Amino acid sequence: MIGNEVPDLIRRILSENPHKSVSDPALTPAAVTLLLYPKDGQHCVLMQKRSQQVEHHKGEISFPGGMRDESDVDLRFTALREAHEEMGILPEDVDLLGQIDDVSTISNFVVSTFVGTIPYPYEFTTSEVEVAAVLEVPLSSLLDKANRRDDVRLVNGKLNYAPAFAHDGHIIFGATAKILDQFLALLENAPYKEAPWLKNRLPQ
C-alpha cells in the first residue's frame, strides 16, 4: 500500500517548481482541483465525465472545477467550492499540495490547477446536473505510454497538436489533458529515485 510518501513527495516537487500564472483580461478565470488518493495499492486521480446539461464541454472528461464567481475570495476558494458542488467533497477534507502552471483554453478560460489529496475511501455525492460519471484513473495508467495519444485539431485554420490520454474507453483531451501532461512531466522528471510512480510504473 502506498502511504503518505506520495503526497509529501508531490508537495516537495510542486514547491520546487513554482507555478506560472497567465494574466489576460480577455480570458475568464476558472479553477480545478487535481485530486489524488490511494486505492488498491496505488494512487488514483479523480476525474469526471461532464453531463449533457452543462454549458461548456458537454460529455468531456474533466477535473472538478469551474469559473470563478464574483463572491469567491480567490481561485483556491473557487476550486474547493466547485469540488464540493460537483463531487460533494468537503473543503476541509482536501489537503492542498500546491499548484501547477495556469492553462488557457480554446473556450477563452484561463484555468488555475490546485493539486491535493483526499482520504480514501471517500463517499462522493455527485451533482446530477453536472456530472454523468466518476472516473478514478490510476497514475500507472496515465504514465503508461501505450495510453497516450496525439490529439490533432483545426484551430483558427491551423493544425493544433496536443496530448490526449485513453482510459477505460474514454479519451481525455483539451485543457484537461494539457494539465495532466504538465503534472505527469513534473512527476517523471523529479530527481527522486524513490518515487513510487517510477518504481511501480507499467512496463513499456
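In the block above lies the structure referred to throughout.
Conventions used here
- Residues numbered from 1 in each chain as written.
- Predicted model: local features only at pLDDT ≥ 70, side-chain atom pairs only at ≥ 80, totals over all residues.
- Heavy atoms only, no water.
- Helix = DSSP H or I, 4+ residues; strand = E, 2+ residues; numbered from the N terminus.
- Buried < 20%, exposed > 50% of the residue type's maximum accessible area, 1.4 Å probe, protein only.
- Contact = heavy atoms within 4.5 Å.
- Pairing = 2+ DSSP bridges.
- Phe/Tyr/Trp six-rings, centres within 6.5 Å; stacked < 30°, edge-to-face > 60°.
- Core = buried A, V, L, I, M, F, W, Y, C linked by side-chain atoms within 4.5 Å.
- Expected span 1.5 Å × (residues − 1).
- Polar contact = N/O pair within 3.5 Å; in protein donor to acceptor, adjacent residues only side chain to side chain.

Further remarks concern the environment of Glu-60. Tracing the backbone shows Glu-60 in the loop between β2 (42-50) and β3 (61-62). Taking the relative accessible area as the measure of exposure, Glu-60 reaches 21% and is therefore partly exposed. In sequence terms Glu-60 and Glu-92 are 32 residues apart; their C-alpha atoms lie 28 Å from each other. The contacts of Glu-60, once residues within four sequence positions are left out, are Gln-48, Lys-49, Arg-50 and Phe-173.

Another aspect to go through is the pairing of strand β9 (residues 158-167). One ladder, built from 3 bridges, connects β9 with strand β10 (residues 170-172); its direction is antiparallel. Bridge pairing links Phe-165 to Ile-172 in β10. Once β9 ends, the chain turns through 2 residues before running back antiparallel as β10, passing Asp-168 with a positive phi of about 50°.

On to the packing of aromatic side chains, then. Ring pairs (aromatic) are described by centroid distance and by the angle formed between their planes. Enumeration according to the criterion identifies 3 aromatic pairs in this entry. Aromatic side chains Tyr-37 and Tyr-120 sit 5.7 Å apart centroid to centroid with 10° between the ring planes, which places their arrangement in the stacked category. Of the two residues, Tyr-37 sits in strand β1 (residues 28-39) while Tyr-120 sits in the loop between β6 (109-117) and β7 (131-138), which places them 83 residues apart along the sequence. Through pairs of rings, three or more aromatic residues link up here, namely Tyr-37, Tyr-120, Tyr-122 and Phe-124.

Counting 37 residues, the largest nonpolar core has Ile-10, Met-47, Val-115, Phe-183 and Trp-197 as its most contacted members. Contributing elements (two or more residues each) for this core: α1 (5-15), β1, β2, β5 (95-104), β6, β7, α3 (139-143) and α4 (174-188). With 7 residues, the single largest contributor to this core is α4. Sequence-distant contacts of Val-115, that is, excluding residues within four places in its chain, are made with Ile-10, Leu-14, Leu-34, Leu-36, Asp-95, Leu-96, Leu-97, Gly-98, Ile-100 and Phe-183. One finds Leu-35, Ala-83, Met-87 and Leu-96 within the second-largest nonpolar core, a separate group that totals 16 residues.

Our next topic: helix α2 (residues 75-87). The first and last C-alpha atoms of α2 sit 18 Å apart over 13 residues, in line with the 18 Å expected at 1.5 Å per residue. Listing the buried residues of α2 in full gives Thr-78, Ala-79, Leu-80, Arg-81, Glu-82, Ala-83, Glu-86 and Met-87. Two or three places before Arg-76, at the start of α2, stands the capping residue Asp-74, its side-chain oxygen 3.3 Å from that residue's backbone nitrogen.

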